[in-house]
Amino acid sequence: MDVKTIKEIKLAPIRNGTVIDHIATGQALNVLKILGVNEYMDSTISVGIHVSSRKSAEWKDIVKIEDCELDQKTVDKIALIAPDATISIIRDYYVAEKFTVTLGDRVMGLAKCCNPNCITNKNEPIETEFVVISRRPTKLRCSYCDRALCNISDNLL
Amino acid sequence: MDFYDRDVVSIRDLTREEIESILDLSEKMMPYATGEKVNRVLHGKILGNLFFEPSTRTKLSFESAAYRLGCDVIDVSEMSMTSISKGETLADTIRMVDAYCDLIVLRHPYEGAARLAANFSINPVINAGDGAGSHPTQTLLDLFTMRQAKGSLDGLNVVLVGDLKYGRTVHSLAEALTMFGAKLTLVAPDTLQMPDDIVNHIKEKGCRPVKTTSLEEVMDKADVLYVTRIQKERFPDPAEYKKVAGTYRINNSMLREARRDMVIMHPLPRIDEIAPEVDASEHAKYFQQAFNGVPVRMALLCAILGGEL
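The shown structure was predicted, so the numbers you read here are calculated from the model rather than taken from an experiment.

### A closer look at the packing of aromatic side chains
And then number 1: Inspection of the entire model under this criterion finds one aromatic pair over all chains.
And then number 2: For A:Lys122, the ring lying beneath its charged end belongs to B:Tyr110, and the centroid distance is 4.5 Å.
And then number 3: Residue placement shows B:Arg6 over the ring face of B:Phe3; its charged tip is 4.8 Å from the ring centre.

This is how it looks when you write it as structure tokens:
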């Protein structure tokens, strides 16, 4: 059995749904958190953590979720923690759409500021806003209090 | 430089050239700030002075600056006296006050409050200090005082001492001084050192600050000694405050090591960081610094409201 076949056995193809590939190693569980995975989920989800990548010599995580297509807000959140992730929409076993997530210059309403004294944490009628100050690794700065956002995955809304 | 109708929320919003233009205008304001000359260039304008946190110098100097230019002032001094105590959001308060005045000055206990105010207000907003965040007009008057004392801001050796963690004035000041190629020495107990976030920011701008806990070691190198109060009210744990209170106390014997033309500054209020005996020395500039709040704020009000000197 060649390596490709073994890989397919590890993470079986899906008929309909979404494949989130090239997730930085260790971030798959955070992607599941973004997807809102819990015991009430109807979809079948396959998770590969620390799997080899055909594209490069590096390792990656991969998540496959059946019968589900992601909305833009979910894709934007994934871009925050996995900026190299690719999203493939699968319909009847074929890749109907494929794209790489993109992180804009500003991040609106996707995360909360980690500064408890920031005005955005005080019940004001405003959306949180962060400026992207670094993309590799992802670093954000709150547009209100100027504080760098610590631990992005723990502060996602 | 065109400051007309602009918000001043953070010192990061200003370039070196813009800072210099405000300092130049502040210089021209000096005879008007002292009352030696009279100018009513902002007659008919109204300043909304919203102070939701205690302040003496900042509030009074904004009022003085406004009155010296013929501008009227409406003000709030306590949060308990406003509808915020009834549960009104700051956003709503700002939209309401915005309708009553031409410019809002805001002091608020929460970081980012001034940015929020600027987003909701049609009229310009000046940040007069938000929590442990920014206090850009303090930075401008600090720079003005240094330039006045030393002739130039370029390449100064500035020692920042005291509470560098919670002290908002030193955060903005360190960033602004970096624009002028200052050499910064950060003197504080380890628990009160400058936040990494700020240090990284100034490093990105080319400054290589030196961190130490010993003021004695660096006293002889300073052109400017900028002293800050260790702020009891910003400590989440009073026990932590007790461990560091009174760590640095400047007195005349310590100043024997200092350069003759070294100047001591302090944003005030002071508790026991500077002994009263130092007040009479040539080094002491902190009361001049407090006065300089008036010409600098006059310059800002004038530039933002479109007054011509």
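Next comes the rest of the description.
### Let's talk about the sheet that holds strand β9 (residues 263–265) of chain B
All names here are of chain B.
And then number 1: As summarised here, the arrangement of the five strands in space is β7-β6-β5-β8-β9, forming an open sheet in which the pairing is parallel. Either end of the sheet is taken by a strand with one partner, and the two such strands are β7 (210–212) and β9. The mean inter-strand angle of the sheet, taken between neighbouring strand axes irrespective of direction, is 20°.
And then number 2: Summarising the sheet, strand β6 (residues 183–187) and β7 pair through three bridges and their orientation is parallel. Paired with Val187 across the bridge in β7 is Thr212.
And then number 3: Sheet strands in contact with helix α6 (residues 168–179) are β5 (157–161), β6 and β8 (224–227), and its direction is about 165° off that of β5.

### So, the nonpolar core
And then number 1: Of all hydrophobic cores here, the largest spans 70 residues; its most connected members are B:Leu143, B:Met146, B:Leu160, B:Leu184, B:Met194 and B:Leu301.
And then number 2: When residues of this core are assigned to their parent elements, the largest contribution, ten residues, is made by helix α11 (residues 293–305) of chain B.

### Quick look at the pattern of salt bridges
And then number 1: Tallied over the full model, the rule gives 24 salt bridges over all chains.
And then number 2: The salt bridge involving A:Arg91 is made with A:Glu97; its shortest N-O contact spans 3.6 Å.
And then number 3: The partly exposed category is assigned to A:Arg91, whose relative accessible area is 38%.
And then number 4: Accessibility expressed as a relative area gives 38% for A:Glu97, which makes it partly exposed.
And then number 5: Ionic pairing is found between B:Asp261 and B:Lys150, a salt bridge with its closest N-O pair at 3.4 Å. One end of the pair, B:Asp261, is in the loop between α9 (238–244) and β9; the other, B:Lys150, is in helix α5 (residues 136–150), and 111 residues separate them in sequence.
And then number 6: Take B:Asp261: its relative accessible area is 49%, and that puts it in the partly exposed class.
And then number 7: Linked through salt bridges whose partners overlap, the residues forming this network are A:Glu69, A:Arg91 and A:Glu97.

### Looking at the confidence of the model for chain A
And then number 1: Per-residue pLDDT for chain A has a mean of 89; in total, 93% of the residues score no lower than 70.
And then number 2: Taken element by element, chain A is modelled with least confidence in helix α1 (residues 3–10) of chain A, mean pLDDT 56, and with most confidence in strand β6 (residues 106–108) of chain A, mean pLDDT 95.

### Quick look at unusual backbone geometry
And then number 1: Following A:Arg136, the chain continues into A:Pro137 via a peptide bond in cis, with omega recorded as 0°.
And then number 2: Along the chain, A:Pro137 falls in the loop between β7 (129–135) and β8 (138–142).
And then number 3: Here the bond from B:Leu268 into B:Pro269 is cis, since omega is 5°, no more than 30 degrees from zero.
And then number 4: For B:Pro269, the position within the fold is in the loop between β9 and α10 (286–291).
And then number 5: In the Ramachandran plot, A:His50 falls in the positive-phi region, its phi being about 60° despite a non-glycine side chain.
And then number 6: Positionally, A:His50 belongs in strand β2 (residues 45–52).
And then number 7: Even without glycine at this site, A:Asp146 takes up a positive phi of about 70°.
And then number 8: By the element assignment, A:Asp146 lies in the segment after β8.
And then number 9: Take A:Asp146: its relative accessible area is 17%, and that puts it in the buried class.

So, how was this worked out
- Each chain carries its own residue numbering, running from 1 in the written order of its sequence.
- Each chain is given a letter, starting from A, and each ligand a number, starting from 1, according to the order in which they appear as written.
- Given that this is a predicted model, residues contribute local features only at a pLDDT of at least 70 and side-chain atom pairs are listed and counted only at 80 or more, while totals for whole chains, interfaces and linings are drawn from all residues.
- Derived side-chain values reflect all non-hydrogen atoms in the structure, with water molecules and hydrogen atoms excluded from consideration.
- In summary, the pairing rule links any two rings of Phe, Tyr or Trp, Trp by its six-membered ring, whose centres are within 6.5 Å, and it sorts them by plane angle into stacked for under 30 degrees, edge-to-face for over 60 and tilted for everything else.
- Should the NZ of a Lys or the CZ of an Arg lie within 6 Å of a ring centre and within 35 degrees of the ring normal, that charge is described as sitting over the ring.
- Whether two strands pair comes down to DSSP finding at least two bridges between them.
- Only runs of H or I of at least four residues qualify as helices and only runs of E of at least two qualify as strands under DSSP, and these elements are numbered from the N terminus.
- Helix axes are fitted to C-alpha atoms over the stretch in contact, other axes to C-alpha atoms as well, and angles between N-to-C directions run from 0 to 180 degrees.
- Only heavy atoms matter for contacts: two residues are in contact if any of them lie within 4.5 Å across the pair.
- As used here, the term nonpolar core means buried Ala, Val, Leu, Ile, Met, Phe, Trp, Tyr and Cys residues forming a set that is joined through side-chain atoms within 4.5 Å.
- Remark: exposure states derive from per-residue accessible area (1.4 Å probe, protein chains only) relative to the maximum for the residue type, with buried under 20%, exposed over 50%, and partly exposed in between.
- We define a salt bridge as a contact between a side-chain nitrogen of Lys or Arg and a carboxyl oxygen of Asp or Glu at a distance within 4 Å.
- Confidence scores labelled pLDDT are given residue by residue by the predictor and lie between 0 and 100.

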